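# Per-entry structural report
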Amino acid sequence: VCSSDLSLRGLTFRYAPELPPALGNIDLEIGPGIHGITGRTGSGKSTICRLLARLYPVADGQLFFGGRDVNTLPLSYVRSHIAYVGQEPVLFSDTIAANIALGRPEATEQEIIAAAASAAIDEEIRELPDGYASLIGERGVKLSGGQRQRLAIARAILKNAPILILDEATSALDTESERHVQAALDELMRGRSTLVIAHRLSTIERADRIVALSHGQKVEEGSHAELLERDGLYARLYKMQKAEEVVG
């Protein structure tokens, strides 16, 4: 089995024993291709990401990673196979170059620059007084939200992992930045197992499979066209967003 195959079987998760499940009995197969997950706020989208990235242990249900139970694998092995880009990128008070190279510390300067160019941030970095040696401050405070996001995407491009998780990865970008970055992400997603968590449904319209969650339950699964035809939760969310765009 390819190491980029993920399989969730009966996965249930609570953030605390006294709380209702954030996820309830989720079955999901994620192989090479683009898999979209959507749902209203609090439906369990980001919880799935956190479990896949092993930020929380899998205690109820099973998660298989390349056909092997994830609980039998070293944490370092799992994380080395995953590139994660979240809504709030994890950045450190270090240079831009060091932040991009976090997932691959042995990367050359040329590789770091190429990743930044693919993420549409190279030109802006070069305009800074110290270029790639510029210090970005704690949590990247010296950068705009869009710049922080593109830095995280450059890091994922450089890491070149077989599994890519994008958790609302373009939500902080303006339309023009999103267009640049989407082109980079399209290239990055090719041939990988990609999970795209999205509130904005235009981000996942072209996914191979889309899963709609509600209150921690999987309520629908199919392609964009199939789910629109089914006229269920996904279709309602989609029509609502289209109507908001027209009003906006």
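Residues numbered from 1 in each chain as written. Predicted model: local features only at pLDDT ≥ 70, side-chain atom pairs only at ≥ 80, totals over all residues. Heavy atoms only, no water.

## Some points on the nonpolar core
- Residues Ile100, Ile125, Leu151, Leu166, Ile204 and Tyr234 are the most contacted members of the largest nonpolar core, which totals 45 residues.
- Among the elements of the structure, β6 (82-85), α3 (96-100), α4 (109-118), α6 (145-159), β7 (163-167), α7 (175-189), β9 (209-214) and α9 (233-247) are those that each provide at least two residues to this core.
- Looking at this core element by element, the count peaks at seven residues for α6.
- Ranked by size, the runner-up nonpolar core spans 27 residues in total, among them Leu28, Ile37, Cys49 and Ile163. (Core = buried A, V, L, I, M, F, W, Y, C linked by side-chain atoms within 4.5 Å. Buried < 20%, exposed > 50% of the residue type's maximum accessible area, 1.4 Å probe, protein only. Helix = DSSP H or I, 4+ residues; strand = E, 2+ residues; numbered from the N terminus.)

## A few points about unusual backbone geometry
- With a phi angle near 60°, Ala120 is a residue other than glycine that sits in the positive phi range.
- The topology assignment puts Ala120 in the loop between α4 and α5 (122-127).
- Of note, the phi angle at Asn160 is positive, near 60°, even though the residue is not glycine.
- Relative to the helices and strands, Asn160 resides in the loop between α6 and β7.

## Re α9
- Given a rise of 1.5 Å per residue, 15 residues ought to cover 21 Å, and the 21 Å separating the end C-alpha atoms of α9 matches this to within 8%.
- Considered for burial, the residues of α9 that qualify are Leu233, Tyr234, Ala235, Leu237, Tyr238 and Gln241.
- Against β3 (33-39), β9, β10 (217-222) and α8 (224-230) lie the buried residues of α9. (Expected span 1.5 Å × (residues − 1). Contact = heavy atoms within 4.5 Å.)

## Considering the sheet that holds β9
- One open sheet holds the six strands; their spatial order is β6-β7-β8-β3-β9-β10, and the pairing between them is mixed. The strands lining the two open edges of the sheet, one partner per strand, are β6 and β10. If you compare each strand with its neighbour and ignore which way they point, the axes differ by 15° on average.
- Most of the contacts of α6 go to β6, to which it runs at about 170°, and overall it touches β6 and β7. (Pairing = 2+ DSSP bridges. Axes fitted to C-alpha atoms, helices over the stretch in contact; angles between N-to-C directions.)

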